[in-house]
Amino acid sequence: VLLKEQLSPPKDATMLFLLLITTALASPTSTIKSVASNSLNGLRGAEFQGIRSLSRGALQQLARSRRANRQSSHRLGERRRVSASAENFPALKNDLLIRAARGEQTEKVPIWMHRQAGRYLPEFRNYSDRFPFMHRCSTPDIATRLTIQPVERYGLDAAIIFSDILVLLPPLGIEWGMVKGKGPVVSEPINTPEDLVRVRTVKQSDITSELSYVMEALSRSRRELDGRATLIGFSGAPWTLLGYMVQGEGAKSTAAVKAKGFLYQYPDASHKLLETITDAVVLYLVEQVRAGAQMVQVFDSWAGG
């Protein structure tokens, strides 16, 4: 869908989320329909009225953004630049997942794994036993190898780039690290609206410079796949990223109490922070497609928390 829209970056990431949800609902696979419908039905009750309000306002911005895009000559320039970039990659021979995402009838259900690289692969453990997590993420050679491993072993229809949803936090001004036995931990969480002065507005140049290792891994993976499978990029969704920034760590044991409390206690600051994160997510996903991703996923891991 992003390739079809030719990557004119919208000002509100709702365009991306709406396109992704629409694609899921249009899919011939009943499982995908069920998951998407359940996700939408889950946004009900007083607890999520604020989030729904955000969505209504965002949809209005989406309509204005689309009208502006149609009138923009910049879009044509972006389309030509993306097309020229795509010519450097091998042609996609296995487009099964792409066709399913478009809602087309397919000869079989595409197979890929949500967490493709993992401990179930001995060749993966050969790297994880020797290198820390962030070293593997930030070293394009290793990230590429870990991305390709499952496709080489199982002949899957897609490869998911080896990365993490939190790599977008440092460009936003928030540092984090992976603590063994605990998972991701933010060193200085957002506690009050005054802490928002530490959050940076992300520009495209920030993405290309600070996350160049992700883009290089995507480009290398695309070439090494040689069209055998669709390459998937991803980002965390704004609410999930806000959750980590405020909660300071994963919320499995705390049900995101601190992050939800921030929404209720500081609604204006929450809006501002979500908008800042949203703009960063949009730029990040667009750059991933330019770097070689043929499909992107937005993971809202905390939406059901």
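Attention in this report is confined to the structure presented alongside it.

Some points on the environment of Met178
Point 1. Assignment of secondary structure puts Met178 in strand β2 (residues 176-179).
Point 2. Considered as a pair, Met178 and Pro132 are 46 residues apart in the sequence and their alpha carbons are 8.7 Å apart.

What about the packing of aromatic side chains?
Point 1. As enumerated under the stated definition, the model contains seven aromatic pairs in all.
Point 2. Look at Tyr244 and Trp302: their rings are 5.0 Å apart centre to centre, the planes differ by 50°, and that puts the pair in the tilted class. Of this pair, Tyr244 sits in helix α11 (residues 238-247) while Trp302 sits in the segment after β5 (295-299); the two residues are 58 residues apart in sequence, bridging distant segments of the chain.
Point 3. The exposure class assigned to Tyr244 is buried, which follows from its relative accessible area of 12%.
Point 4. By the ring-pair criterion, three or more aromatic residues cluster together here, those being Phe124, Phe133 and Phe162.
Point 5. Above the plane of the ring of Tyr127 lies Arg130, whose end atom (NZ or CZ) is 5.4 Å from the centre.

So, the sheet that holds strand β1 (residues 158-160)
Point 1. Here three strands make up an open sheet; going across it, the order is β1-β4-β5 and the pairing parallel. Bordering the open sheet on either side are β1 and β5, each of which pairs with just one other strand. Here the average twist between neighbouring strands, direction ignored, is 30°.
Point 2. In this structure, β1 lies alongside strand β4 (residues 230-236), joined through three bridges in parallel fashion.

Looking at the pairing of β5
Point 1. The buried fraction of β5 amounts to five of the five residues, a majority that puts the element mostly inside the structure.
Point 2. With burial as the criterion, each face of β5 is covered, one bearing Met295, Gln297 and Phe299 and the other bearing Val296 and Val298.
Point 3. In this sheet, β5 lies alongside β4 in parallel orientation, the contact comprising five bridges. Each bridged residue has a counterpart across the sheet, and for Gly236 the counterpart in β5 is Phe299.

Concerning the nonpolar core
Among soluble globular proteins, nonpolar side chains are generally buried collectively.
Point 1. Counting 70 residues, the largest nonpolar core has Leu168, Leu169 and Leu211 as the members making the most contacts within it.
Point 2. It is helix α13 (residues 267-291) that contributes the most residues to this core, 11 residues altogether.
Point 3. The contacts of Leu211, once residues within four sequence positions are left out, are Val167, Leu168, Pro171, Asp206 and Tyr284.

Parameters at a glance
- Residues numbered from 1 in each chain as written.
- Predicted model: local features only at pLDDT ≥ 70, side-chain atom pairs only at ≥ 80, totals over all residues.
- Heavy atoms only, no water.
- Helix = DSSP H or I, 4+ residues; strand = E, 2+ residues; numbered from the N terminus.
- Phe/Tyr/Trp six-rings, centres within 6.5 Å; stacked < 30°, edge-to-face > 60°.
- Buried < 20%, exposed > 50% of the residue type's maximum accessible area, 1.4 Å probe, protein only.
- Lys NZ or Arg CZ within 6 Å of the ring centre and 35° of its normal.
- Pairing = 2+ DSSP bridges.
- Axes fitted to C-alpha atoms, helices over the stretch in contact; angles between N-to-C directions.
- Core = buried A, V, L, I, M, F, W, Y, C linked by side-chain atoms within 4.5 Å.
- Contact = heavy atoms within 4.5 Å.

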